[in-house]
Structure formats: structure tokens, C-alpha cells
Amino acid sequence: MHHKVELNDNGKMRTYTKMYLMICLSTACIFLYQYQLSRARLISQPTHQQDTVGEVQQKASDFYVSTTTNSSTAISPPLSTPQDKLPLPPLYIITPTFRRPEQLAELTRLGYTLKHVPNLLWLVIEDAEHATALVTKLLEHIGVPFVHLVAAMPEKFRKNKVKPRGVSNRNRGLKWIRANATEGVFYFADDDNTYDVALFEEIRYTKKVSMWPVGLITKYGVSSPIVRNGSFAGFYDGWIGGRKYAVDMAGFAVSVKFLLSRPKAEMPFKPGYEEDGFLKSLHPFDNSEIELLASNCTEILTWHTQTKKNQPAQQLDMGKYKDTNLVKLRGILV
């Protein structure tokens, strides 16, 4: 049996009012959802605003990026830092390099390692009169904040049987740091080594000079500070050679503030004694002040790997291949 329900005017008004309120509530929910979604997208997009160099130097979390050889610097957006955390001290990674068949491959490997490290600036310095365009393009592609510089080896050393490679590059990096940095830590990272990303977080808080083991070097297989009863007790290295600091280039990092307090510190053009000479130039500095990293020098976080040397690529037969992709590939090879 069906009953016909009739509503009076008041009943109809109440029904229409409920329906109207439900529609308004639904519409408000939709607008609120769209607003939150658009706000999330806006936050996730990087800002394109650029600060001045002076402003960046006031923020430890800022990045510097340069693609020119004269150090004119463009600045990328600062890292966002949670309110309850202090900004990370900046790291300056100095990498000397020179044109050779393995150059782009080794810079690629190192670059993608550094990409995992926050608040880092990569100083890539070529032993050349002019920056190599292919190197600049690679650095831009990898996306690690960088400065691309040149520092050719003085001509008088090029005639030597054993050349002091990388010295002019590293000294150029020190000069840049003195002119542009006020805090943080710098590290000489050669492009033919292999690095655990944990190393970079350990060196970030170096107060003066920190050291750690380097694997795959000399007949001992490792170069390392000797630690006895938790304290520094000397150096273990396959070649001491009368050096006060028998360490590998990849085995120490230095505080920027400490460097700035030693204005005469630089690396000597003396093959085999570059590390020793540089660390001596930081005097006064006592061995008891060495900060021992890598679990008190019981771990290896960097390896002195070396890529197999390759012969220069043969010239391309343009009679056969001038209309092929090989022309472009040949331009990449040395």
C-alpha cells in the first residue's frame, strides 16, 4: 500500500534549504581542495629569484653556479631549511682536471656522486688557457652547482720529466675561496678517485684539518694516519720520503676559516711533496690538532682508483662518414 506524502510550504522550504546548504558545502570543499593542491604545486616549484653574492654569503645553505671562466657568478635558489635545524656548513670541492680521453668520463662519475651531497659548490679547474666547451656543457648537464675556471701550468714546469700536475689548479681554487668564501670546508677531490658520499658529511664539520684513510694506494694498499689508543701516532704510507705529512691528496680536508687565517698557505710545485708542502704552509699547526674521521680511521671512504689510460682516438675518415653521427661523436673524443 502506498502512501502519498504531501509537504506543506514550510516543509518544502526546509527541504530546499538543506539541499542548498549541501551544495554550498560541497562547492566550498572543492574550492578548498583546489587551493591546497595549487599551493602544494607552487611550493614544490623552484623559485627563479636570484640573490646578490653578498646575500648568498650570509646564508650557508645557498649555492653558487658559474659557467664562465672569469668567475662571474650566477646564484641558484637557496636550500629550504627546517626552522628547527641549523643550515649545513657549505662544502667547496676543488677538482683539477685536464683534457684527455678519460676526462669527460671521470668528471661524469664524480659529478653524479657530488649530486647526492647538499650545500656543495664544485670548483672545476682546467689546466688550460681557455675553458673546454664540452666540460662546461657536461657540468651544466649534471646539475651540481659549480664554478668552471682555468689555471694553466706555468710553462717552465712543462719541460720537467715529472710534472707537478694539478698544483696551479688547486692554488687557483684556494684563491677563489679566499675571495668568495667565509665559512665551510674545502677538499681536493681528484676526478679519477672514487668517493663514498658519507665522506662529505663527515668532513663538513672540520674545525681545522681532518684526515682519514685512502684505499688502493702504494704497495701497502692504503695511506692512513696511525691511531693508537684513540690518538694520532704517525702516518702509514708506502712512501714516506722525508715528509712530515705522509698523506694522499684525497686524505684530508681543511676549514675555510682556518685557511683564511693562514694567508700564505699554498701548494708547492714540487712533485711528490704537494700535500706535505701545503699542510706545512698552514703552520702553526700541531699534529695533535688533526681531526681523525672515518670511525677513528678504521674505515675507507675514498679510493685512489685510476682509469685505464686510453690512446687518442684515430682521425675519422670523412670520405666514408661525413654524413653520419660519427662526425658529432668524434668531436667529443680526444
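Cut-offs and rules
- Residues numbered from 1 in each chain as written.
- Predicted model: local features only at pLDDT ≥ 70, side-chain atom pairs only at ≥ 80, totals over all residues.
- Heavy atoms only, no water.
- Salt bridge = Lys/Arg side-chain N within 4 Å of Asp/Glu carboxyl O.
- Helix = DSSP H or I, 4+ residues; strand = E, 2+ residues; numbered from the N terminus.
- Core = buried A, V, L, I, M, F, W, Y, C linked by side-chain atoms within 4.5 Å.
- Buried < 20%, exposed > 50% of the residue type's maximum accessible area, 1.4 Å probe, protein only.
- Expected span 1.5 Å × (residues − 1).
- Contact = heavy atoms within 4.5 Å.
- Pairing = 2+ DSSP bridges.
- Axes fitted to C-alpha atoms, helices over the stretch in contact; angles between N-to-C directions.
- Lys, Arg positive; Asp, Glu negative; His and termini not counted.
- Polar contact = N/O pair within 3.5 Å; in protein donor to acceptor, adjacent residues only side chain to side chain.
- Patch = residues over 30% accessible without salt bridge, like charges linked within 9 Å, V, L, I, M, F, W, Y side chains within 5 Å.
- Areas by Shrake-Rupley, 256 points an atom, 1.4 Å probe, with all protein chains shown as cover.
- Phe/Tyr/Trp six-rings, centres within 6.5 Å; stacked < 30°, edge-to-face > 60°.
- Lys NZ or Arg CZ within 6 Å of the ring centre and 35° of its normal.
- Parallel < 35°, antiparallel > 145°, perpendicular 65-115°, else oblique.
- Left-handed = near helix turned anticlockwise from the far one by under 90°.
- Nonpolar A, V, L, I, M, F, W, Y, C, P; charged D, E, K, R; others polar.

Visitor: Just checking my understanding: could you explain the pattern of salt bridges for this structure?
Guide: A side chain with one charge may pair with a side chain of the opposite charge, provided their charged atoms come close. One pass over the full model with this rule turns up 11 salt bridges. The closest approach of N and O atoms between D127 and R158, which form a salt bridge, is 2.8 Å. Of this pair, D127 sits in the loop between β2 (120-126) and α4 (133-142) while R158 sits in helix α5 (residues 155-158), and the two are 31 residues apart along the sequence. Shared partners join several salt bridges into a network, and the residues in it are R100, E102, E106, R109 and D191.

Visitor: Quick question: what am I supposed to make of the nonpolar core here?
Guide: Among soluble globular proteins, nonpolar side chains are generally buried collectively. Residues I177, F186, F188, M211, F252, F278 and L279 are the most contacted members of the largest nonpolar core, which totals 36 residues. Among the elements that line this core, the one with the most residues is helix α6 (residues 167-180), at four residues. Listed in part, the 30 residues of the second largest apolar core include L110, V214, A253 and A294.

Visitor: What am I meant to see in helix α3 (residues 103-114) here?
Guide: Working note: α-helix, 3.6 residues per turn, so residues spaced by three or four point in the same direction. Between the first and last C-alpha of α3 there are 16 Å, a value that for 12 residues agrees with the 16 Å anticipated at 1.5 Å per step. Within α3, burial applies to Q103, L104, E106, L107, L110, G111, T113 and L114. Lining the buried residues of α3 we find β1 (91-97), β2, α4, β5 (194-195), α7 (197-203) and α12 (326-332).

Visitor: Just checking my understanding: could you explain the sheet that holds strand β6 (residues 209-211) for this structure?
Guide: Strands in a sheet are paired, the pairing made by backbone hydrogen bonds, and the direction either parallel or antiparallel. The seven strands are arranged β3-β2-β1-β4-β10-β6-β11 in an open sheet whose pairing can be described as mixed. Taken across any chain shown, the strands that pair with only one partner, and hence form the sheet edges, are β3 (146-150) and β11 (291-292). As paired strands, β1 and β2 are joined by seven bridges and run parallel to one another. Its bridge partner lying in β2, Y92 is registered against L121. Contacts between α4 and the sheet are confined to β2 and β3, with β3 contributing the most and set at about 170° to the helix.

Visitor: Help me understand the side chain of E126, please; the structure alone is not making it clear to me.
Guide: For E126, the location among the structural elements is in strand β2. Nearest to the buried, unbridged E126 among oppositely charged side chains is R99, at 6.1 Å. For E126, the side chain forms a polar contact with the side chain of H148, separated by 2.8 Å.

Visitor: I'm lost on a nonpolar patch on the surface in this one. Help?
Guide: A contiguous nonpolar surface patch, about 260 Å² in accessible area, is contributed by L216, I300 and W303. Turning to its location among the elements, W303 is positioned in strand β12 (residues 302-303). Judged by its relative accessible area of 34%, W303 falls in the partly exposed class.

Visitor: What is the right way to look at the packing of aromatic side chains in this model?
Guide: Summed over the entire model, instances satisfying the criterion amount to 17 aromatic pairs. Geometrically, the ring pair formed by Y92 and W176 is tilted, given 6.3 Å between the ring centres and 50° between the ring planes. You can see Y92 sitting in strand β1 and its partner W176 sitting in helix α6, a full 84 residues away along the chain. Neither residue differs from the other here; Y92 and W176 are each classed as buried. With a centroid separation of 5.7 Å and 80° between ring planes, the pair formed by F188 and F278 is classed as edge-to-face. Placement of the pair is F188 in strand β4 (residues 185-188) and F278 in helix α9 (residues 274-280), with a sequence separation of 90 residues. Taken as a pair, F188 and F278 share a single burial class, namely buried. Through a chain of ring-to-ring contacts, three or more aromatic side chains come together here, namely F232, F235, Y245, F258 and F285. Over the face of the ring belonging to F98 we find R100, whose NZ or CZ atom lies 4.5 Å from the ring centre.

Visitor: What is the right way to read the side chain of D276 from this model?
Guide: Within the element layout of this structure, D276 appears in helix α9. Given the relative accessible area of 3%, D276 is considered buried. The contacts of D276, once residues within four sequence positions are left out, are R243, K244 and Y245.

Visitor: What is the right way to read the pairing of strand β10 (residues 252-255) from this model?
Guide: Along any regular strand the residues' side chains alternate between the sheet's two faces. Along β10, one buried face is formed by F252 and V254 and the opposite face, lined by A253 and S255, is buried too. Sheet analysis places β4 next to β10, joined by three bridges and oriented antiparallel. Of the residues in β10, the one forming a bridge with F186 is V254. Pairing analysis gives three bridges linking β6 to β10, with the strands arranged antiparallel. Of the residues in β10, the one forming a bridge with M211 is F252.

Visitor: Explain the packing of α3 against α4 here, please?
Guide: The angle between the axes and the distance between the axes are what describe a pair of packed helices. For the pair α3 and α4, the least separation of the axes is 10 Å and the interaxial angle reads 25°. For the element pair α3 / α4, the angle class is roughly parallel. Judged by the sense of rotation from one axis to the other, the crossing of α3 with α4 is right-handed. Residues Q103, L104, L107, T108, G111 and Y112 of α3 pack against L134, V135, L138, H141 and I142 of α4. Residue classes in the contact of α3 with α4 are distributed as seven nonpolar, four polar and no charged.

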